[in-house]
Every structure is written in structure tokens, then in C-alpha cells.
Amino acid sequence: MQIALTLVGPDSDAALQAVALVTPALAGAHARVKEPRILGDGAVDLLVEAEAVGLVRAAAEASLAHLPVDICAQPWNGRRKRLLIADMDSTIIGCECIDELADFAGVKEQVSAITERAMQGELDFEAALRERVAMLKGLPLSALQQAYDERVRLNPGARTLVRTMATHGARCALVSGGFTFFTSRVAQAAGFHLDRANILHDDGHGLTGTVGEPILGREAKLASLKDLSQAQGIELAETLAVGDGANDLGMIEAAGLGVAYRAKPIVAAQADAKVDHASLTALLYFQGYRADEFVTD
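Here the residue index of a chain counts from 1 through its sequence in written order. With the structure being a predicted model, the display of local features is reserved for residues of pLDDT at least 70 and the display and counting of side-chain atom pairs for 80 or more, all residues being used for whole-chain, interface and lining totals. Only hydrogens and water are set aside; all other atoms, that is, all heavy atoms of the structure, feed into the side-chain values.

Another point: the overall build of the protein. Of regular secondary structure, the protein possesses 13 helices and 13 strands. All radius of gyration figures rest on C-alpha atoms, and the globule criterion is 2.2 Å times the number of residues raised to 0.38. Taken over the C-alpha trace, the protein has a radius of gyration of 20 Å; the compact-globule value for 297 residues is 19 Å, and the two agree within 12%. Across its three principal directions, the C-alpha atoms of the protein cover 65 × 35 × 30 Å. Partly exposed residues are those whose accessible area sits between 20% and 50% of the maximum for their type, while under 20% is buried and over 50% is exposed, using a 1.4 Å probe and protein chains only. For the protein, the residues scored as buried account for 53% of the 297 residues in total. Contacts are assigned to residue pairs with any non-hydrogen atoms lying within 4.5 Å of each other. The contacts in the protein between residues at least 6 apart in sequence include a share of 67% that link residues at least 24 apart. Every accessible area reported is derived by Shrake-Rupley at a probe size of 1.4 Å, with residue values counting cover from the shown protein chains alone. Roughly 12,200 Å² of accessible area belongs to the protein as shown, and the carbon and sulfur atoms make up 50% of that amount. Where helices and strands are cited, they refer to DSSP runs of H or I of at least four residues and of E of at least two residues respectively, numbered from the N terminus.

Cis geometry marks the peptide bond from glutamate 213 to proline 214; its omega dihedral reads -5°. Checked against the element boundaries, proline 214 lands in the loop between strand E10 (207–211) and helix H10 (218–232). Unusually for a residue other than glycine, histidine 30 sits at a positive phi of about 60°. Here histidine 30 lies in the loop between helix H1 (12–28) and strand E2 (32–33). Exposure remark for histidine 30: the relative accessible area of 71% places this residue in the exposed category.

A pair is scored as a salt bridge if a Lys or Arg side-chain nitrogen falls within 4 Å of a carboxyl oxygen belonging to Asp or Glu. Under the definition given, this model contains 19 salt bridges. The residue arginine 290 makes a salt bridge to aspartate 292 at a minimum N-O spacing of 3.1 Å. Overall, the relative accessible area of 35% leaves arginine 290 in the partly exposed class. On the basis of relative accessibility, which here comes to 60%, the residue aspartate 292 falls in the exposed class.

Only C-alpha atoms enter the line fits that serve as axes; for helices the fit covers just the stretch in contact. Angles between N-to-C directions range over 0 to 180 degrees. Orientation of helix H8 (residues 158–167) relative to helix H9 (residues 180–190), taken along the N-to-C sense of each, is 70°, at an axis distance of 8 Å. Our classification of the angle between H8 and H9 gives roughly perpendicular. On the side of H8, the interface is formed by Arg159, Val162 and Arg163, while H9 contributes Gln188, Ala189 and Ala190. With respect to orientation, any angle under 35 degrees is reported as roughly parallel, any angle over 145 as roughly antiparallel, any angle of 65 to 115 as roughly perpendicular, and every other angle as oblique.

As a further point, take the state of the cysteines. Put plainly, a disulfide is one covalent bond tying together the sulfur atoms of two cysteines. Here, two cysteine sulfur atoms that lie within 2.5 Å of each other are counted as a disulfide. Under the defined criterion, the tally for this structure stands at zero disulfides. Looking at the unpaired cysteine 72, the closest cysteine sulfur is the one in cysteine 172, lying at 17 Å. Looking at cysteine 72, the relative accessible area reads 1%, which means it is buried.

Structure, rendered in C-alpha cells:
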């Protein structure tokens, strides 16, 4: 079968070094490599003929383990996805919003510890969210806007990823276990078509310490992937999901291409590809986009 092996490194020299190392490794796995195709600075595509994607991925990961290069192996056909579903906290943005709110409430250490365990898959997400939100009771509503203004920043490549896919006809959804106050703003900043998240309750002045039910967690994220793909007439094979925490696992495993971004080990182990070094534009390279096709500001 024809397999696309995409390598994304910090610069062209790293990418070419990766090609030089991976080619003999693939030959040892009975895979034949055709001419590399440069996608952008540090990004290269290889068309590989081999029996299975897993063999190509394993050979590439073993030969490049010591290099700061992100790897994606997948069937060559059908690479450009028609639906993007992305997690928000620590994926599209560089922080966990609930931890930042906890900082304003003076309980960041306690809340962050719970967040970390939940993202590692050690705690039930829904119960952990209720526990953390309860610790925010009484936080003035003004703190939410202050947290957004001072703490929330798009991760490198986020806006380019979303706008490029949208320009080329993909539907883009931000689906978060966080809160609608933040997803609505982040979705607009990055260019998503829609957003889904949890609702923080308030009394008009401050947070009440409760969150709307049912909570949007792992199963709800997976349901969003299926619902949105069905509504758009898109096969799951034509979808891309990206996230970093245990509550993203369902959608990452079900999507046509599931990507772990700076992810927890439990997520990285199950994803089709990992982005540990490059920006989120790596997801465009994985789909075969060239840098001159990117939509940038």
C-alpha cells in the first residue's frame, strides 16, 4: 500500500537529516521510499510503499527517536480532512483556564494538582471538574475577563491551522471540557466555526461554584465528533482530532487522524501521531499541505 510519512523538524537541515536516517531504516522493514517532497522549511513528505502503516511508523520512530522531529505515518489517500475537532486548554491555547481562574481565587495549587491528575487519566473527569469548580465559588465575574485578557494566548500555529483548513472547505470545531466563556472567545480568535464547552453558573456577580449538567467530558467529545461528522455528511476517516489530555482519548482514537499535541503519556500512546516539537502547523503538513498554501495573517 502507499503510505505517507511526514517528518516535521525545526529546520530544513533537521528534516533532511531525518530523511537520511529513516530511509535505510524503512528499507530494513521492507518498505520502499520514493523521492522526498519538500512541504516547507523543516517539513518533508515521503511516499512509502509498504505492507502496513504500523510498520512504517515503528521504523521511523525508532530511527528518529533522538531527533526533535515529529512523525506522522498514514495512508496516502484521504489525507486532507474535512472536519477538525480540537481541544482548547493546553492544545489550541497554552494554559488551563480553570487553573488560571483558581489563581485569581487563591487556590491554584490545589486546583492544578487535580487538573494534572484528571488529564493523566487518574481521576474521573466529571467528578474532578465539579470538585474544582466548587473551589471557585464567589469568584467575581470580572476575574473571567481578566484571566482571558492576561493569561489566554493561542499556541503557535493555531490560527494558521484553523484558517487554512476552513479556507480549504473543512468544518472546524472547538470542543472543550473547559468553559463557554473562554471557548467562545478563543473560537473567534482562531477562526473556528463553532465551539462546545461547559457552562459556569453565576448569580450575576460571582461564580456559584456549580457547573451545568451534563458535563462535557470524554464521551461528549466523542459524541461531538460523531454528531458533527454525520451532520456534515463526513466519514470518520475524513476527520482530524487533536488534544492533550485523557478526556480527548475517545475522539482521538475514533478520528481518521488522531493527534496528540504536547500530550500526556496515556494520550500519546494511543494517538496516530504526536506533535512534541513543532507548532500546530505540523497538522497541516501531516495532511500534505505545502507552506505556500497556509492562510496566515
